[in-house]
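Notes for the structure review
Letter by letter, the chains look like this.
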Amino acid sequence: MSNPGATEPRELHRRLQAIWANLPGFGTLSAVNHTSIGRRFMVTGAFFFLVGGLLAMLIRTQLALPEQDIVGAHLYNQLFTMHGTVMMFLFAIPILEGFAIYMVPKLIGARDLVFPRISSLGYYCYLFGGMIILFSLFFGVAPDSGWFMYTPLSGSEFSPGPGSDVWLLGVTFVEISALAAGVELTVSILRSRSQGMTLRHMPILCWYLLAMSLMIVFGFPPLILASILLEIERATGLIFFEVAGGGDPILWQHLFWLFGHPEVYIIFLPAAGIVSTVLPVFAQRPIVGYRWLVLAIILTGFISFGLWVHHMFTVGIPHLAQAFFSVASMLVAIPTGIQIFAWLATLWTGRVIFSLPMLWIFGFLVIFVAGGLTGVMLALAPFNWQVHDTHFVVAHMHYVLVGGMFFPLIAGLYYWLPQLTGRMPSDLLGKTGFWLTFLGFNGTFLVMHLTGLLGMPRRVYTYASGTGWEWTNLVSSLGGFVMAAGVAMIILDVALHFRYGQRAPRNPWNADTLEWATAMPPAPYNFASLAPLPTRHPLWDNPELGESMAQGQHGLTSTGHGRRETYGSDAVTGRILHIIHLPTNSWWPLAAALSLAVVFMGLLLRIYPLALVGVGVTAVFVLRWSWENGVHPNAAPLNVSEPEDYPLHSRTQDGPGLWGMVVALMANGTLYLSLLFGWFYLWTVAPLWTLPPENPLSLAPLLLSGVLLTLAVIGYQQLVTGLRRRRGRPLKRQLWWVTGLGLGHFLLLLWVLVSAPLEGTVRAHDAVLTVMLYYLLIHSGTGVVLTALQGLRVGYGYVSHNLPYETIVLRPFWLYTLGIYWLGLAAFVLLPMAWGGG
Amino acid sequence: MPVNGQRALHGAHLVMGLVIWSLWFVALYGSLSVVCSLAPPAIEAGPLNWLNAGLLVITLLTTGLLGVAAWRCWQLSPDKQANNFPLGRFMGRLAAAIYLLSAVSTLAVGLPVLVLPPCI
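Residues numbered from 1 in each chain as written. Chains lettered and ligands numbered in written order. Predicted model: local features only at pLDDT ≥ 70, side-chain atom pairs only at ≥ 80, totals over all residues.

1. Observations regarding the overall build of chain B
Looking only at helices and strands, chain B has three helices and two strands in total. Here chain B holds 120 residues, and the buried ones make up 38% of them. Counted over contacts in chain B with a minimum sequence separation of 6, partners at least 24 positions apart contribute 77%. (Helix = DSSP H or I, 4+ residues; strand = E, 2+ residues; numbered from the N terminus. Buried ≥ 20, exposed ≤ 12 C-beta atoms within 10 Å, placed from the backbone. Contact = placed C-beta atoms within 7 Å.)

What follows is the structure in structure tokens.
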């Protein structure tokens, strides 16, 4: 793939800049490039961190002395709810997503992520969702039921104002961005690594980020479903969590913690990845036990999903079940222990340079290990019962989250700041910031364990004198302000370094990973040429690699076509399979996010016609966006030069879009399984669950609708088989047949829903059934529209037997729709009938 | 996937052990919850009852299956001295370790059925 002397380097950079640059002025809002989007995520996340920190200071001010009434109970409830919500949903996850979006292509030798417009959409969803949540504070309607929004407190009876709606809708809006990032990062890491980067050669940070991304894909849907159900219950009265109608508030807890516990590891894993990247550089040796670390990452990714009930040890679950989750909670300490021993062994056998990033790494090790130990204590059910809902849990949580995420994050900030900006931070300010933060943090939270053991519950806005909690709270508050001073020092350091920081030399820490081969700050295309990377330590093996890549001495240097390109490769071996052509700057993501904001605002203000219009407009925007793909003139038209060494991905049968579809369907399937879980949970556990006297759904039309769907999917399968062989019957006619059959299925299903005497406001059974029917309808309708669109694209020449890619991408969607239909029919209709009810 | 004329283990083996562990975990907790709701065994029987026995059998079968898978992967991964195929060795050894630790996790989480009654 070497391409020596193809173009003079300066001219090559000029051409690449012209292809990859953001539009000037306001046009920068149309940017899709991962460097720009990653930076925006991180800057916005940092802003929300300051907001969350400010709220924490207000909390500590209120609790500093007994019997104070500085903020009052009502505002205090809003403060602690917003502090948790902002820190978890608007700071921790998004800033790490932004970090991953920024880093992944640079680590794997690619020019961008594989779905750049999705990155942009994700950012705007995050921004707008975050603004909705934030502004609720200024209007005095912020959520106040705690960051995990337990029902019935968060339900319409006990929280009649819009606070809970703000949380449910705002967080769901933000979660679109998390899922978008999860899908995109997964596919990018697996399918766009440079030549020769096998799984064995992948930078350890990529393993961590891959695990994080997949955990987002499987972890977020339960909460999205729970939020949708609770919002529907609040808005329309359909019953899901109210005991009186056959619902159960404990269902919310299950769904929330199915998300909530993996969430802790979604935050921890990328931070641990930072540690595993930074620490070996300053130990001046490769990380010890690479394979053990990969093992630990994969174990953590799975086992952390088996712990959620340890947040619910006090709700009355059988002891045996508690024992299962207790043991699983202790098991997760094993992969964490593997990592800690690997880090210690690396330090032990290396020649450690005690630089500023390493200071933060040492802070992390001390605090996180302490937090892990109290975690093992909390995994023991009897101890857990004693300290449940006390400040002990608050202290543990902050040791894990601040120690496990914030300290590595700041280590990463100081480590990569020269790469981001090309300038070095101040050592003096940085060290002062560290010590103030470290001492302040421990001053706040170490003593808070004692506050909890002395019995002080969480979430009380004040306490009486003489309880023994006075001095511990005062120390915690003083420590909090010291920590705030430390954070202020870091902000000052970063702000000043833009002007006064010394120019950073290339690869200032003598790092091994490829992100240091970019310019500092990086160009939007990262690398002028893409080098083979059959090594975990490209810059240690070849310190001149950055130079030769910048000189255009490696692959993918042609620019005459004007396309944004990067390599597409095999997931395991890193063998190049095709060239992925990427979309350029686009306004569609911003337009779609704005119209989605209209939907969410319409729902929040309960102006439902407005929300409906927003849905329609969003659909139009997204479909129009999808039109600019493949050989569309704005993408990779046929009459422009095609590469000679590898085909463009849209000319193949297996590209990132297919993988993106499958990964997105995994997330979708998790949501569906969560709904199934809810159905069976209510059926077996809810104390007042009742089946209706007669089945509310007409069975014959349901079966007929299923037959039509099956025929449509069989037709689509045959069509794809013909495409794979690049022959077969006329494509357009087949697509319209499938569209027609799918439409018939959709209309029959719609009729079943409209004609069914469902009483969701009376019975939870009918409410869940209603949601299931809407879920099936949405999928069937989407399949029909997308297939019709394929038919239209055949007419335009964008899809054909020689260009089968898009049609193949749609196939998993139809198979999924078929699967959920028959599974839904069996679980929601046939099983209750066989049981003797409904 | 052939590399250098040899075949590496499929990438799915890196997660399959823990997928099986997850399915077993769902079956364990799900069947316990459903049976305790619909037809709980007599409390006086303590841990010696048909439900715990069933859960133990499922646990032992799953542990055995995962153990065999770990052994097979270890056998299939190329020997370091025998040939120069580091990717195959990496995948094989990693998959074997994941199957093995999945087996250990299954046994560890399932063993409380020996000592605790199921529905109180």
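2. Re the overall build of chain A
Looking only at helices and strands, chain A has 24 helices and two strands in total. Counting across all 838 residues of chain A, residues that qualify as buried make up 55%. Counting only contacts in chain A whose residues sit at least 6 apart along the sequence, the fraction spanning at least 24 positions is 83%.

3. A short note on helix α9 (residues 319–331) of chain A
A rise of 1.5 Å per residue sets the reference length of α9 of chain A, with its 13 residues, at 18 Å; its end C-alpha atoms lie 18 Å apart and thus fit the reference within 8%. Looking only at α9 of chain A, the buried set comprises Leu320, Ala321, Gln322, Phe324, Phe325, Ser326, Ala328 and Ser329 of chain A. Tucked into the core, α9 of chain A has its buried residues touching α8 (290–303), α11 (356–379) and α12 (381–387) of chain A together with α1 (13–38) and α3 (86–110) of chain B. (Expected span 1.5 Å × (residues − 1).)

4. Let's talk about the domain arrangement of chain A
As assigned here, chain A comprises domain 1 (366–504), domain 2 (588–620) and domain 3 (690–838). Distance from the C-alpha centre of domain 1 of chain A to the C-alpha centre of domain 2 of chain A: 39 Å. (Domains from an automatic or database assignment.)

5. Overview of the interface of chain A and chain B
Chain A puts 26 residues into the contact, and the matching count from chain B is 36 residues. Elements that contribute at least two residues to the side of chain A that touches chain B include exactly α8, α9 and α20 (656–685) of chain A. When residues in the side of chain A that touches chain B are grouped by element, the largest group, eight residues, is from α9 of chain A. Of the residues that constitute the side of chain A that touches chain B, the class distribution is 18 nonpolar, five polar and three charged. (Nonpolar A, V, L, I, M, F, W, Y, C, P; charged D, E, K, R; others polar.)

6. What to know about the pairing of strand β1 (residues 564–569) of chain A
Residues and elements named next belong to chain A. Taking burial as the measure, the six residues of β1 include six buried ones, the bulk of the element. Two strands pair when backbone bridges link them, and β1 and strand β2 (residues 576–582) are joined in this way by six bridges, in the antiparallel orientation. Bridge pairing in β2 places Arg564 opposite Leu582. Joining the antiparallel neighbours β1 and β2 is a turn of six residues, in which Gly574 adopts a positive phi near 70°. (Pairing = 2+ DSSP bridges.)

7. Topic: the packing of α9 of chain A against α1 of chain B
Close contact between α9 of chain A and α1 of chain B brings their axes to 10 Å; oriented N to C, the two are set at 165°. Taken together, α9 of chain A and α1 of chain B sit at an angle that is classed as roughly antiparallel. Where α9 of chain A crosses over α1 of chain B, the two elements pack in a sense that is left-handed. Taken together, the residues of α1 of chain B that come into contact with α9 of chain A (itself represented by Leu320, Ala321 and Phe324 of chain A) are Leu28, Tyr29, Leu32 and Ser33 of chain B. Its residues assigned to classes, the contact of α9 of chain A with α1 of chain B shows six nonpolar, one polar and no charged. (Axes fitted to C-alpha atoms, helices over the stretch in contact; angles between N-to-C directions. Parallel < 35°, antiparallel > 145°, perpendicular 65-115°, else oblique. Left-handed = near helix turned anticlockwise from the far one by under 90°.)

8. Things to note about the confidence of the model for chain B
Residues and elements named next belong to chain B. With 89% of its residues at a pLDDT of at least 70, chain B reaches an overall mean of 87. Element-level mean pLDDT values for chain B span from 48 in strand β1 (residues 2–3) up to 94 in helix α2 (residues 50–76). A low-confidence stretch, residues 1–5 stays under pLDDT 50, and its non-local contacts, those more than four residues away or across chains, total 10 contacts. In the model output, the complex is listed with pTM 0.95 alongside ipTM 0.92. (pLDDT = per-residue confidence, 0-100.)

9. Brief notes about helix α3 (residues 72–108) of chain A
All names here are of chain A. Over its 37 residues, α3 extends 52 Å from the first C-alpha to the last, a length consistent with the 54 Å expected when each residue adds 1.5 Å. Residue Val86 marks the point of greatest curvature in α3, where the axis turns by about 30°. Following α3 by one or two positions, Gly109 has its phi on the positive side, about 75°. (Bend = angle between axes of the 7 residues up to and from the residue.)

10. Considering the environment of Pro505 of chain A
Here Pro505 of chain A shows up in the loop between α15 (470–500) and α16 (538–541). Linking Pro505 of chain A and Arg423 of chain A, residues 82 residues apart in sequence, is a C-alpha distance of 8.5 Å.

11. Considerations on the environment of Trp20 of chain A
Residue and element names in this part refer to chain A. Considering the arrangement of structural elements, one finds Trp20 in helix α1 (residues 9–20). In this structure the C-alpha to C-alpha distance between Trp20 and Arg351, which are 331 residues apart in sequence, comes to 41 Å. Leaving out residues up to four positions away in the same chain, Trp20 has contacts with Asn33, Pro524, Tyr525 and Arg564.

12. Concerning the environment of Tyr821 of chain A
Residue and element names in this part refer to chain A. With respect to the secondary-structure elements, Tyr821 resides in helix α24 (residues 805–835). The buried category is assigned to Tyr821, around which 21 C-beta atoms lie within 10 Å. Considering only alpha carbons, one finds Tyr821 and Leu773, 48 residues apart in sequence, at a separation of 9.2 Å. Not counting the four nearest positions on each side in its chain, Tyr821 is found in contact with Gly706, Leu709 and Leu776.

13. What about the packing of helix α5 (residues 163–191) of chain A against α20 of chain A?
Residues and elements named next belong to chain A. Remark: α5 packs on α20, axes separated minimally by 9 Å, with the N-to-C direction vectors making an angle of 135°. As summarised for this structure, α5 and α20 are arranged oblique, according to the angle between their axes. You can see that α5 and α20 cross each other, and the crossing is right-handed. Of the residues in α20, those touching α5 at Leu179, Val183, Thr186, Val187, Leu190 and Arg191 are Pro656, Trp659, Gly660, Val663, Ala664 and Ala667. Per-class residue counts for the contact of α5 with α20 are nine nonpolar, two polar and one charged.

14. Remarks on unusual backbone geometry
Residue and element names in this part refer to chain A. For the bond from Thr151 to Pro152, the omega torsion is 5°, close enough to zero to count as cis. The residue Pro152 is located in the loop between α4 (116–138) and α5 in this model. Pro521 follows Met520 through a cis peptide bond whose omega is -5°. Position of Pro521 relative to the elements: it lies in the loop between α15 and α16. Positioned with a positive phi, Gln284 is a non-glycine residue whose angle comes to about 55°. Mapping Gln284 onto the fold places it in the loop between α7 (249–283) and α8. Given 15 C-beta atoms within a 10 Å radius, Gln284 is considered partly exposed.

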